[in-house]
Every structure is written in structure tokens, then in C-alpha cells.
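As a plain string of letters, each chain reads:
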Amino acid sequence: IQRTFSIIKPDATKRNLTGKIISKFEDAGLRIVASKRIQMTREQAEGFYAVHKERPFFGELVDFMISGPVVVQVLEGEDAIAKNREVMGATNPENADAGTIRKEFALSVGENSVHGSDAPETAAEEIKFFFSDDEIVG
Ligand code: GTP
Ligand code: MG
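Below: a short report on this structure. Every value quoted in this text rests on a predicted model; they were computed, and no experiment measured them.

Here we look at the site of ligand 1
Point 1. Within the structure, ligand 1 sits among 16 residues, and K9, E60, T91, G110 and N112 are positioned closest to it.
Point 2. Taking N112, its side chain carries an N or O atom lying 2.9 Å from an oxygen atom of ligand 1.
Point 3. In this structure, an oxygen atom belonging to ligand 1 sits 3.1 Å away from a side-chain N or O atom of H115.
Point 4. Across the complex, the protein chains shield 81% of the 590 Å² of accessible surface that ligand 1 would expose by itself.
Point 5. If you list the elements that add at least two residues to the shell around ligand 1, you get α4 (58–65), α5 (80–88) and β4 (114–116).

Okay, structure coming up:
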């Protein structure tokens, strides 16, 4: 059993898509073991996306991530990291498979509705970035 970290991004919370996105996770066999709706600070967004600091879209990405509330979650299940990325679909919705969250809901490569960890190490780091142990109930 594996855990991964997910963010429902501001473009999705603003359009009232939180429940529809969570249903996609649950339908794929992922269990929500931690969840909270927060307004990220600029410092949090810059810290969370520090690996992308040198990318040309970094400023735009941080501005977007603090433009409204997000829902941060821990998802648990068999192969949770890969399963979640499968349900999310490709980063750019134009390349995302039918039925994926990004195909159905994303607006653009930037405003792409969800984030999901890409490896066990990043999943562990990202979970710790937003959650204390007692906030995760398996
Ligand atoms: P995450 O799950 O969010 O990490 O997405 P990813 O792994 O599919 O994409 P990547 O790590 O390459 O990029 C992180 C995030 O940066 C993406 O989810 C987008 O929100 C944003 N991003 C990536 N490329 C672009 C771009 O060309 N323009 C803008 N504005 N944002 C981008
Ligand atoms: Mg990524």
C-alpha cells in the first residue's frame, strides 16, 4: 500500500469541481486518508515548487497557485502514485487521454486542475510539507 500527495488547484476549486475530482480518485480505488482546503501563501507555493524555480513559467505558476483556495490531500492505495497520475492525465490537457481529470476539466497546461507526486521520495516530502502525522488517518 502506497501513499501519494494531491492538490486540487484553484482553477478547479473556483469552478466547484472538487467533488467531481475526488470521485475520480475514489472510482480509481484511491482512498482519501487526509484532506484540507487551504489558501496557500506565496512562501508556501514558492517552497513547494522550488524544483521549478529556474523554469520560465515559475512566476506564473506561483501566482496561479495562490489565486484561490486549493484542496491538499493524501491518497492511499495499491500503486497510488502511478494510479493517481493515470487518473490525472498528461500535464497538457491537449495530450491527456479521454476520461482523465485533465482531459475533462483542465483549462490549459498551467491551469491543469490537479497536482500529483511523481515518485515515492517526492510523495513523502510533499505529504510532510502540508500534513502532520496526526492529520493522516488511514
Ligand atoms: P504536477 O503534478 O503539477 O507536478 O504536474 P506535472 O508533473 O504533470 O508537470 P511538471 O512537474 O512538469 O510541471 C509542474 C506544473 O507546472 C504543471 O502541473 C503546470 O501547472 C505548470 N506548468 C508546466 N508547464 C507549464 C507551462 O508551460 N506554462 C505554465 N504556465 N505552467 C506550466
Ligand atoms: Mg511534476
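Some words on the pattern of salt bridges
Point 1. Applying the stated rule across the entire model yields five salt bridges.
Point 2. Across the pair R15 and D11 runs a salt bridge, and its minimum N-O distance is 2.7 Å.
Point 3. When its relative accessible area of 33% is taken as the criterion, R15 is described as partly exposed.
Point 4. Relative accessible area serves as the criterion here: at 3%, D11 is assigned to the buried category.
Point 5. D63 is the partner of R42 in a salt bridge, and the nearest nitrogen-oxygen pair spans 3.0 Å. Separated by 21 residues along the polypeptide, R42 in helix α3 (residues 42–48) and D63 in helix α4 bring together distant segments of the chain.
Point 6. Judged by its relative accessible area of 40%, D63 falls in the partly exposed class.

Digging into helix α7 (residues 120–130)
Point 1. Within α7, burial applies to A123, E126, I127 and F130. Projection of α7 onto a plane perpendicular to its axis shows the buried side chains occupying an angular sector of 100°, all on one side. Opposite the buried face of α7, at more than 90 degrees from it, the exposed residues are E121, E125 and K128.
Point 2. Residues of α7 that are buried in the fold lie against β1 (2–8), β2 (31–38), α3, β3 (70–77), α5 and β4.

Brief notes about α5
Point 1. For α5, the set of buried residues is A80, I81, N84, V87 and M88. Buried residues in α5, looked at end-on, bunch into an arc of 130°, giving them a common side.
Point 2. Of the surrounding secondary structure, the elements contacted by the buried residues of α5 are β1, α2 (18–27), β3, α6 (101–105), β4 and α7.
Point 3. A positive phi of about 85° marks G89, the residue just after α5.

Cut-off values and rules
Residues numbered from 1 in each chain as written. Chains lettered and ligands numbered in written order. Predicted model: local features only at pLDDT ≥ 70, side-chain atom pairs only at ≥ 80, totals over all residues. Heavy atoms only, no water. Near = heavy atom within 4 Å. Polar contact = N/O pair within 3.5 Å; in protein donor to acceptor, adjacent residues only side chain to side chain. Areas by Shrake-Rupley, 256 points an atom, 1.4 Å probe, with all protein chains shown as cover. Helix = DSSP H or I, 4+ residues; strand = E, 2+ residues; numbered from the N terminus. Salt bridge = Lys/Arg side-chain N within 4 Å of Asp/Glu carboxyl O. Buried < 20%, exposed > 50% of the residue type's maximum accessible area, 1.4 Å probe, protein only. Arc of directions from axis to C-beta. Contact = heavy atoms within 4.5 Å.

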